[in-house]
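Geometric and topological summary
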Amino acid sequence: MARPQSQLTSEAERLTRLDVSDDPLPKSRIVEVEALVTSVSKLRKAMASFSRLVPSAYVKVLVQEDREAVLGGDRKRVTTLFGDLQGFSSYAESHSTDETFATLGQYLDRLTKAIQANQGTVDKYMGDGIMAFWGAPENLATPETEACKAALECVEAVRLLRIEGYPFQLRIGIASGECLVGNVGSQDRLNYTLIGDSVNLAARLEQLNKERGTAILVDDATKTACGAQFTFRDIGMLQVKGRERLEQVWELVNSGTHG
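Calculation notes
- Each chain carries its own residue numbering, running from 1 in the written order of its sequence.
- It should be noted that, the model being predicted, local features are given only for residues of pLDDT at least 70 and side-chain atom pairs only at 80 or more, the latter also being counted only at that level, while totals for whole chains, interfaces and linings use all residues.
- With hydrogens and water set aside, each side-chain value is computed from the structure's full complement of heavy atoms.
- Each helix is a run of DSSP H or I of at least 4 residues and each strand a run of E of at least 2, with the numbering of both proceeding from the N terminus.
- Given the number of residues in a helix, its expected span is that number minus one, multiplied by 1.5 Å.
- Three exposure classes are used, based on accessible area relative to the maximum for each residue type with a 1.4 Å probe and protein chains only: buried under 20%, partly exposed in between, and exposed over 50%.
- Contacts are assigned to residue pairs that have any heavy atoms within 4.5 Å of one another.
- In plain words, nonpolar cores are sets of buried Ala, Val, Leu, Ile, Met, Phe, Trp, Tyr and Cys residues tied together by side-chain atoms within 4.5 Å.
- Here the axes come from fitting lines to C-alpha atoms, over the contacting stretch only for helices, and the angles between their N-to-C directions go from 0 to 180 degrees.
- Here is the rule for angles: anything less than 35 degrees is roughly parallel, anything more than 145 is roughly antiparallel, 65 through 115 is roughly perpendicular, and the remaining ranges are oblique.
- The handedness criterion is simple: a crossing whose near helix is rotated anticlockwise from the far helix by less than a right angle is left-handed, and one whose near helix is rotated clockwise is right-handed.
- Here the term charged refers only to Asp, Glu, Lys and Arg, the term nonpolar to Ala, Val, Leu, Ile, Met, Phe, Trp, Tyr, Cys and Pro, and the term polar to all other amino acids, Gly among them.
- The criterion for strand pairing is that DSSP finds at least two bridges linking the strands in question.
- Aromatic contacts are taken between Phe, Tyr and Trp rings whose centres are within 6.5 Å, Trp giving its six-membered ring; a plane angle under 30 degrees counts as stacked, one over 60 as edge-to-face, and the others as tilted.
- Between Lys or Arg on one side and Asp or Glu on the other, a salt bridge is scored when a side-chain nitrogen of the former is within 4 Å of a carboxyl oxygen of the latter.
- Exposure above 30% relative accessible area and the lack of any salt bridge qualify a residue for a patch; like charges then connect within 9 Å, and the nonpolar side chains Val, Leu, Ile, Met, Phe, Trp and Tyr within 5 Å.
- Using the Shrake-Rupley algorithm and a 1.4 Å probe, accessible areas are obtained, with residue cover drawn only from the displayed protein chains.
- Per-residue confidence from the predictor is given as pLDDT, running between 0 and 100.

Describing helix α7 (residues 197–212)
When the terminal C-alpha atoms of α7 are compared, their 22 Å separation across 16 residues agrees well with the 22 Å that a helix rising 1.5 Å per residue should span. Every buried residue of α7 is accounted for by S198, V199, L201, A202, A203, L205, E206, L208 and N209.

See below:
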């Protein structure tokens, strides 16, 4: 009786860290223990779904610090990325619902893996769009660098999709600055997200790609923080939609020494 209870205790502890596995759970002929096994199995499925619906990095921080999610947040320097897929609406109109959702899932899966591999947090999916950020919930020494690395990998992932026959182009905007980071919403439902001027700027830069025929545009703060790690092309001082002052805009080209 002690062995399965010990195994179930270990499994429950793993689940608090959102460490969900498909390892077989212990079996027991003791009714009370078997009932506990069934409950842990259901909890495992619930946590697997939960981890796909919220930023798991944030939940892990809450667990580590023994805190509960509440309304409010902190000020942090964060790098924000907005991505949008050009050509997807036309694709959706000419393909079945099943094909459209399968392709969308494949595309978002590749972008998500690139973002998470570079220490980013996916905030939300907006149709074929994606928002992610670096520097929260955990601090990063170089959020701007990680964001640019992820952006280049995302563009490469979509390039490979084009080779596979999908008529897509990815547009990305990146901006860095101090933001309010935390939970917004109601007492019943919260959303961990960002609020700030640089968040709005990143969204505007993503849209500016349409006019400039570019793939990745970043603000001056991001380019400056990255130093010589990437190649940037000077787009100039531009009037970005929704902003009064001119913004120095750069195109992220690739890794290497910038000009």
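With respect to the environment of L161
Structurally, L161 can be placed in helix α6 (residues 143–163). Non-local contacts of L161, meaning those with residues more than four positions away in its chain, are made with Q106, Y107, R110, Y166 and F168.

Considering the nonpolar core
Side chains that are nonpolar tend, in soluble globular proteins, to be buried together. In this structure, Y107, I174 and L252 are the most contacted members of the largest nonpolar core, which totals 34 residues. The dominant element in this core, judged by the number of residues it contributes, is α6, at 8 residues. Setting aside residues up to four positions removed in sequence, L252 forms contacts with C148, A151, L152, I216, V218, F230, T231 and F232. Grouped together as the second largest cluster of nonpolar side chains are 21 residues, A136, C179, L201 and A203 included.

Digging into the packing of helix α5 (residues 97–117) against α6
Relative orientation of the contacting elements α5 and α6 amounts to 155 degrees, with a least axis distance of 8 Å. Overall, the two elements α5 and α6 adopt an arrangement that is roughly antiparallel. Pair α5 / α6 crosses with right-handed handedness. From α5, Q106, Y107, R110, L111, A114 and I115 reach across to α6, where they touch A150, E153, C154, A157, V158, L160 and L161. When grouped by side-chain class, the residues that make up the contact of α5 with α6 number 10 nonpolar, 1 polar and 2 charged.

Quick notes on the pairing of strand β4 (residues 169–185)
Regular strands place their side chains on alternate faces of the sheet. For β4, a buried count of 12 out of 17 residues is recorded, marking the element as mostly surrounded by other parts of the structure. Bridge count for strand β1 (residues 72–86) against β4 is 15 bridges, and the pairing is antiparallel. Note that in β4 the partner of R77 across the bridge is E178. Where β4 meets strand β5 (residues 190–195), 6 bridges bridge the pair, whose relative direction is antiparallel. Of the residues in β5, the one forming a bridge with V184 is N191.

Focus: the pairing of β1
As paired strands, β1 and strand β3 (residues 129–134) are joined by 5 bridges and run antiparallel to one another. In the sheet register, L81 faces β3, and the bridge partner there is A132.

Topic: the packing of aromatic side chains
The geometry of two aromatic rings is summed up by the distance between their centres and the angle between their planes. All told, the structure shown has 6 aromatic pairs when counted by the stated rule. Aromatic rings pair up to connect F88, Y91, Y166 and F168 into one cluster.

Things to note about the pattern of salt bridges
Applying the stated rule across the entire model yields 14 salt bridges. In this structure, E164 engages R110 in a salt bridge whose closest nitrogen and oxygen atoms are separated by 3.0 Å. Remark: R110 occurs in helix α5 and E164 occurs in the loop between α6 and β4; sequence separation between them is 54 residues. Given the relative accessible area of 45%, E164 is considered partly exposed. Under the relative-accessibility criterion, R110 is labelled partly exposed at 24%. As a salt-bridge pair, R233 and E251 come within 2.7 Å of each other at their nearest N and O atoms. Of this pair, R233 sits in strand β7 (residues 230–239) while E251 sits in strand β8 (residues 246–255), and the two are 18 residues apart along the sequence. A single salt-bridge network, built from bridges that share partners, covers D197, R243, R245 and E247.

Considering a nonpolar patch on the surface
On the surface, L180, V184 and I195 cluster together into a nonpolar patch covering about 220 Å² of accessible area. Within the secondary structure, I195 sits in strand β5.

Here's the deal with unusual backbone geometry
In this model, A136 is joined to P137 through a cis peptide bond whose omega is 0 degrees. The topology assignment puts P137 in the loop between β3 and α6. Within the chain, Q119 stands out as a residue other than glycine whose phi angle is a positive 65 degrees. Structurally, the position occupied by Q119 is in the loop between α5 and β2 (121–126).

A few points about the confidence of the model for the protein
Averaged over every residue, the pLDDT of the protein is 85; residues scoring 70 or more account for 83%. The least confident element of the protein is helix α3 (residues 56–64), whose mean pLDDT is 64; the most confident is strand β6 (residues 216–219), at 98.

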